[in-house]
Each structure stands twice: as C-alpha cells, then as structure tokens.
Amino acid sequence: MEAMRLIEATRSALTRSQTVQDIVAEAWQAQALAEVIGGYFAGSASPVTRWEAEGLSEAGGRACGALRRPASGHTTLQWGGAIRASQLTEVRDPQRVLLALGVLLGDVGIALVEVACVADEGLYWQCVEAVDAADESRDRVFGMLREFSTHRAGGAA
C-alpha cells in the first residue's frame, strides 16, 4: 500500500480514538509506520538522508517498545488487527509523505500528552518515553526534508 494511504488511515484512526487503549494503540501504529518509512528511505538515500532515515527508524522502534512494555498494574498493551506499516509497498511522493508523517507524529505527541495527564504512573512514563521518541522522529523527518530540499536546489542550479 502507498505510504500516504497508510499515513491517512493512521491519522484518521487516531482522530477517532476514544479510549486510552485506542489512543495508545494508534500511537503505536504511527510509530511503527515511522520505523518502516525510515527503513524504506535508509535503503535508497544519500548518506545524510540515510543517517536521518536510520535515526527515524530507530526512534520509531524505540517508541513502539515504550508503548508495548507493561506498566505497573497493567498488562502488556495488545490489540487486534494488523500492523498497518507492514503493508507499505511504495512511496510515490517522498516530500509529501514526510510532511504528512511529520504532522501525524505531532498529533501522536499531543495525544500521548493528553493520555499522560490522566494515566497512572506506569502508563505516564510510557507516554513520556513515547513522546520523546515521537519528537525525535519528527526531528529526523524534518532533517530528511531539509536534505531533499538541498538536493533539489542543488540539482536545479
């Protein structure tokens, strides 16, 4: 499935989420998508973009790990359904995908802060770790966008 469709589906699902469990599950889906998109770009990018893409993939994986680890008094968060990110087959417009992913990761950060405000201590710290990773993921996305812009400007000159 094309990356934009996956990002749009994840953003829509996050927006529709009503419960803490649903929000955390969708935040996990978004970070899994960041991990996979980072891996996609890491395989076919310039050295600087590859470095940013590998960092994006690593940060997405770290956030997934933070959100899956059981908190004190909680069982491991599990939900039905497939991992959307595993359906990624292509990225048609890299800049558009990265911009949309940056917006999605911002939405994830906001949603996780809202969850952290009502969470018990264990889930609170999971959310804090995941927000940090989402911020790092966004930084990597914007680093990749800067690199794409630099290459585009250099190629046009």
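Residues numbered from 1 in each chain as written. Predicted model: local features only at pLDDT ≥ 70, side-chain atom pairs only at ≥ 80, totals over all residues. Heavy atoms only, no water.

J.: Teacher, can you tell me more about the nonpolar core here?
T.: Nonpolar side chains in soluble globular proteins tend to end up buried together. In terms of nonpolar packing, the biggest core is built from 42 residues, with I7, I37, L101, L104, V108 and L112 touching the most fellow members. Looking at this core, the elements that each hand over two or more residues are α1 (3-16), α2 (20-42), α3 (47-68), α4 (94-118) and α5 (121-156). The residues contacting V108, other than those within four sequence positions of it, are L14, A27, A30 and A134. (Core = buried A, V, L, I, M, F, W, Y, C linked by side-chain atoms within 4.5 Å. Buried < 20%, exposed > 50% of the residue type's maximum accessible area, 1.4 Å probe, protein only. Helix = DSSP H or I, 4+ residues; strand = E, 2+ residues; numbered from the N terminus. Contact = heavy atoms within 4.5 Å.)

J.: How do you make sense of the packing of aromatic side chains when you look at a structure like this?
T.: The geometry of an aromatic ring pair comes down to the distance between the two centres and the angle between the two planes. Counted under the stated rule, the structure contains three aromatic pairs. Centroid distance Y124 to W125: 4.9 Å. Interplanar angle 85 degrees. Geometry classified as edge-to-face. You can call Y124 partly exposed: its relative accessible area is 33%. The class of W125 is partly exposed, set by a relative accessible area of 45%. Three or more aromatic residues link up through ring pairs in this structure, and these residues are Y40, F41 and F148. Here R140 stacks its cationic end above the ring of W51, 4.4 Å away from the centre of that ring. (Phe/Tyr/Trp six-rings, centres within 6.5 Å; stacked < 30°, edge-to-face > 60°. Lys NZ or Arg CZ within 6 Å of the ring centre and 35° of its normal.)

J.: Explain the packing of α1 against α4 here, please?
T.: What describes two packed helices is the angle between their axes and the distance between those same axes. Where α1 contacts α4, the axes come no closer than 10 Å and their chain directions differ by 20 degrees. Comparing their axes, α4 and α1 come out roughly parallel. Viewed along their axes, α1 and α4 form a crossing whose handedness is left-handed. For the pair formed by α1 and α4, the contact residues are A3, M4, I7, E8, T10, R11 and L14 on the first element and R96, V97, A100, L101, V103, L104, D107, V108 and A111 on the second. Class assignment for the residues of the contact of α1 with α4 results in 11 nonpolar, one polar and four charged. (Axes fitted to C-alpha atoms, helices over the stretch in contact; angles between N-to-C directions. Parallel < 35°, antiparallel > 145°, perpendicular 65-115°, else oblique. Left-handed = near helix turned anticlockwise from the far one by under 90°. Nonpolar A, V, L, I, M, F, W, Y, C, P; charged D, E, K, R; others polar.)

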